[in-house]
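Descriptive analysis of the structure
Here's the letter readout for the chains.
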Amino acid sequence: MRISKEKCVGCANCVAVCSVGAIYIGEDGLSEINAESCVECHNCYRSLSYEHLMPGPIRIIRRMLKKVGLRFQPDPDLCPTEAIIPEDLEWPRIVRRAFSDPMVTHESTGVHGRGTEEVKTNDVSHRIKPGEVGLVVEFGRPGIGVYFREVQKATRVMAAEGVTFEEGNPITQMMISQATGDIREDVLDEKVLSCIVEITMPVDDVVRTLNVLRGICKNAETVISIGASTVCDEKGGDPLRSILEKEGYDIGWAKLNLGFGRVTNASVTNMEN
Amino acid sequence: MTNTLHRFGKSEKLPDDYIVFAMAGKGFNEEGALEKAQTFLRTAIKYQPINMGNALVNSLYRPEKNLSFFKLYFVGRQEKTTYEQLIDEIPGPGSAAVVFDDREKVRQFIQDVEKLDLGLSVNVSALVDDVRDICGEVDITPHAVEYTLGFHGDTSKLPERETLKLSTMCGHGMVSPNFAKKMINHVKEGRMDKEDAAHCMAKFCVCGVFNTTRAMRILDNASRG
């Protein structure tokens, strides 16, 4: 992404909307993007409204108003001169957009957003089976961002602990070895808004794995959001909640898959058989 | 759609926040998924969801790319599209989400969706005990659950709490903390009313899961504090 110096009038509206704070006002009073910090989420380009004003007259009006102590300030969700311009991205920079722009579909999994369905379609995919727990470890969220090099530090630790990485996940797809947790070298210096590592384990192993994650979080240079999922029993309850509460997690907000994908609780049925 | 899992805020302060979404599993039940998602969204209309979206087209609240000086100052802005237009615009299968601020509407909507038997996976993100109670009331056994275990790592990098409550309502991070903070300040300074500020933030959440009712409540509290 770049901001046209010819069009920008320096209203600074794009500065606040940047998801990672990569846009700033340069010495010339116009907006600039720090390319290293930008995660190519396209939020500034996509979500600001455009007024299509001519930059020349607007700059004159701004200067005149400034002389009398006033300020030209468009609505906060508006770029008055359509100054934000997307660029064609090449590998490996294009990976930034794949992980950061929620409207882009991941080529490796065919899923848009963060590129994984997790437990949301588990009623048809049976990704997590009865007696298993899925941990969804999201690096960089909310709104901090992360380099894949840091993600690799964590996946290496996880791999050394013998975790099972979820196949239908874009980070797993970028690994050159699930045994070591190594991610392909050419993307390691790319920064994304966030990315999810998914691991699966027997319910008996969840406490140990959560302890591994605690160690990773202790040394992390970014924020890590964690989710824990499991299949419900025939009464709609689950064994995971009490384990998490014993481990000190405050249980309140959650996501429930209602099982309307036409194979409701099929995995429970299979278990019973 | 992990984007609805990590909404920041104390449990007792989340009684008006319910997201219901439907999606097909890649490689499993994709046939007719677009039409089914449209049916899902159309079914929600009678319960007047406060937001609706599909990440392929944007939400009810959306940017205006064709404004002009005349339109902006003499006609006024049209920031919200209609339910019907949004549903008609969906170009292909993907997740379809609706947001409610009323428990009874959620209960009735879930009942309707179950009767439709669309064959899409349907998830509800909300307070877990509340959703489990609703499931009990409408005789549904949920298939699976995903709990949020919160934010960890270097949490010193997080913004202050009120800003975080607003920004995490778009789990994809499109409502930036700086913008949420700017909206709080605009309301505090009387430059915007809380409704306009909430709708302004909702435009950035392309999946349509930003809860404008809760945002207005947060803005109200933050601007008084």
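Refer to the structure presented above.
Bear in mind that the values here come from a model prediction, so they are computed numbers and not experimental data. (Residues numbered from 1 in each chain as written. Chains lettered and ligands numbered in written order. Predicted model: local features only at pLDDT ≥ 70, side-chain atom pairs only at ≥ 80, totals over all residues. Heavy atoms only, no water.)

Overview of the interface of chain A and chain B
As a reminder of what qualifies: Whether two residues are in contact is decided by their heavy atoms, any of which lying within 4.5 Å being enough. A simple way to read buried area is as the amount of 1.4 Å-probe accessible surface that goes missing from two parts once joined, with both sides added. Whenever a carboxyl oxygen of Asp or Glu lies within 4 Å of a side-chain nitrogen of Lys or Arg, that contact is scored as a salt bridge. Polar contact is defined as a pair of N or O atoms within 3.5 Å, subject to the rule that within protein one atom must be able to donate a hydrogen and the other to accept it, and that residues adjacent in sequence are counted only when both atoms are side-chain atoms. Helix numbering and strand numbering both begin at the N terminus, where a helix is a DSSP run of H or I of at least 4 residues and a strand a DSSP run of E of at least 2. Residue classes follow a fixed rule: Ala, Val, Leu, Ile, Met, Phe, Trp, Tyr, Cys and Pro count as nonpolar, while Asp, Glu, Lys and Arg count as charged, and any other residue, Gly among them, counts as polar. For two strands to be treated as a pair, DSSP must find at least two bridges joining them.
Listed as interface residues are 87 residues of chain A and, on the opposing side, 90 residues of chain B. Approximately 7600 Å² of surface area, both sides summed, lies buried where chain A meets chain B, with 58% of it carried by carbon and sulfur atoms. Together, Trp253, Leu256 and Phe260 of chain A form the three largest contributors to the area buried by chain A at its contact with chain B, with a combined 13%. At the boundary of chain A and chain B, one finds six salt bridges. Note that lysine 203 of chain B is salt-bridged to aspartate 77 of chain A, the shortest N-O span being 2.4 Å. At the junction of chain A with chain B, the criterion picks out 42 residue pairs in polar contact (both at pLDDT 80 or more). Residue contributions to the side of chain A that touches chain B peak at nine residues, all from strand β14 (residues 223–231) of chain A. Per-class residue counts for the side of chain A that touches chain B are 37 nonpolar, 30 polar and 20 charged. Taken together, the four bridges between strand β15 (residues 253–257) of chain A and strand β6 (residues 144–153) of chain B define a ladder with antiparallel strand orientation. Within β6 of chain B, the position partnered with alanine 254 of chain A by the bridge is tyrosine 147 of chain B.

Here's the deal with the sheet that holds strand β7 (residues 132–139) of chain A
Stated formally: Where helices are involved, their axes are fitted lines through C-alpha atoms of the stretch in contact, as for all axes, and angles between N-to-C directions lie from 0 to 180°.
The 11 strands are arranged β9(A)-β13(A)-β7(A)-β14(A)-β6(B)-β15(A)-β5(B)-β1(B)-β4(B)-β2(B)-β3(B) in an open sheet whose pairing can be described as antiparallel. The open sheet terminates on both sides in strands that have one partner only, identified here as β9 (164–165) of chain A together with β3 (58–59) of chain B. Where β15 of chain A and strand β5 (residues 121–127) of chain B come together, five bridges link them in antiparallel fashion. Along β5 of chain B, the bridge assignment pairs asparagine 257 of chain A with asparagine 123 of chain B. Across the face of the sheet, helix α6 (residues 148–160) of chain A comes into contact with β7, β9 and β13 (195–202) of chain A while running at roughly 5° to β13 of chain A. Here helix α8 (residues 206–218) of chain A sits on the sheet in contact with β7, β13 and β14 of chain A together with β6 of chain B, set at roughly 10° to β7 of chain A.

Quick look at the packing of helix α7 (residues 177–188) of chain B against helix α8 (residues 194–202) of chain B
To describe two helices that pack against each other, one gives the angle between their axes and the distance between the axes. Residues and elements named next belong to chain B. Formally: With respect to orientation, any angle under 35 degrees is reported as roughly parallel, any angle over 145 as roughly antiparallel, any angle of 65 to 115 as roughly perpendicular, and every other angle as oblique. Should the near helix be turned anticlockwise from the far one by less than a right angle, the crossing is left-handed, and should it be turned clockwise, the crossing is right-handed.
The interhelical angle for the contact between α7 and α8, taken along N-to-C directions, is 165°, at an axis separation of 9 Å. On the basis of their axis angle, the class for α7 and α8 is roughly antiparallel. Of the two possible hands of crossing, α7 and α8 adopt the one that is right-handed. Listed contacts from α8 to Phe179, Ala180, Met183 and Val187 of α7 are Lys194, Ala197, Cys200 and Met201. Class assignment for the residues of the contact of α7 with α8 results in seven nonpolar, no polar and one charged.

Regarding a nonpolar patch on the surface
Rules: Exposure above 30% relative accessible area and the lack of any salt bridge qualify a residue for a patch; like charges then connect within 9 Å, and the nonpolar side chains Val, Leu, Ile, Met, Phe, Trp and Tyr within 5 Å. Per-residue and other accessible areas follow the Shrake-Rupley method at a 1.4 Å probe size, with only the shown protein chains counted as cover for residues.
On the surface, Phe69, Phe70, Tyr73, Phe74 and Val75 of chain B cluster together to form a nonpolar patch covering roughly 610 Å² of accessible area. Among the secondary structure elements, phenylalanine 70 of chain B is positioned in helix α2 (residues 69–75).

Observations concerning the side chain of arginine 127 of chain A
All names here are of chain A. Basically, it comes down to this: A simple rule labels every residue: compare its accessible area, found with a 1.4 Å probe on the protein chains alone, to the largest value its type can have, and call it buried under 20%, exposed over 50%, or partly exposed in between.
By the element assignment, arginine 127 lies in the loop between α5 (122–125) and β7. Using a relative accessible area of 16% as the deciding quantity, one classes arginine 127 as buried. Within the structure, arginine 127 has its side chain in polar contact with the side chain of glutamate 198 (distance 2.8 Å). Other than its neighbours up to four places away in sequence, arginine 127 contacts Thr116, Glu117, Glu118, Asn122, Glu132, Glu166, Gly168 and Glu198.

Structural notes on the environment of glycine 29 of chain A
All names here are of chain A. Assignment of secondary structure puts glycine 29 in the loop between β2 (23–25) and β3 (31–33). Classification of glycine 29 as partly exposed rests on a relative accessible area of 31%. Sequence spacing of glycine 29 and isoleucine 171 is 142 residues, and the spatial spacing of their C-alpha atoms is 39 Å.

Observations concerning empty space enclosed by the protein
Put simply, the rule is: With a 1 Å grid laid over protein atoms only, a set of points is called a cavity when a 1.4 Å probe fits there but cannot get out and a pocket when it is open yet has protein on both sides within 12 Å along at least five of seven lines; lining residues have an atom within 4 Å of a point. Grid points are joined across faces, edges and corners, and a volume is the space filled by probe spheres set on the points.
Counted by the stated rule, this structure contains five cavities of 30 Å³ or more. Here the largest cavity is characterised by a volume of approximately 120 Å³. Across the lining of the largest cavity, the residue classes tally to six nonpolar, nine polar and three charged.

Quick look at the packing of aromatic side chains
Here is the rule we go by: For Phe, Tyr and Trp, rings pair up if their centres lie within 6.5 Å, where Trp contributes its six-membered ring, and each pair is then called stacked (planes under 30 degrees apart), edge-to-face (over 60) or tilted (otherwise). Criterion for a charge above a ring: Arg CZ or Lys NZ at most 6 Å from the ring centre, at most 35 degrees from the ring normal.
In this structure the tally under the stated criterion is nine aromatic pairs over all chains. Where phenylalanine 99 of chain A meets phenylalanine 148 of chain A, the ring centres are 5.2 Å apart and the plane angle is 70°; that geometry is what we call edge-to-face. Of the two residues, phenylalanine 99 of chain A sits in helix α4 (residues 94–100) while phenylalanine 148 of chain A sits in helix α6, which places them 49 residues apart along the sequence. Classification of phenylalanine 99 of chain A by relative accessible area gives buried; the value is 7%. A connected cluster of aromatic rings, assembled from ring pairs, spans Phe40, Tyr47, Phe100 and Phe109 of chain B. In this structure, lysine 65 of chain B packs its charged tip against the face of tyrosine 45 of chain A, placed 5.8 Å from the ring centre.

Focus on the nonpolar core
What counts, and what does not: In this text, buried Ala, Val, Leu, Ile, Met, Phe, Trp, Tyr and Cys residues form a nonpolar core when linked through side-chain atoms within 4.5 Å. How far each domain reaches was decided by an automatic or database domain assignment.
Phe139, Phe148 and Met158 of chain A together with Phe40 and Met52 of chain B are the most contacted members of the largest nonpolar core, which has 145 residues in total. Counting contributing residues per domain, this core is built from domain 1 (2–85) and domain 2 (101–272) of chain A, each supplying no fewer than three. In terms of nonpolar packing, the next biggest core, distinct from the first, is built from six residues, Val223 of chain A together with Phe8, Leu158 and Leu164 of chain B among them.

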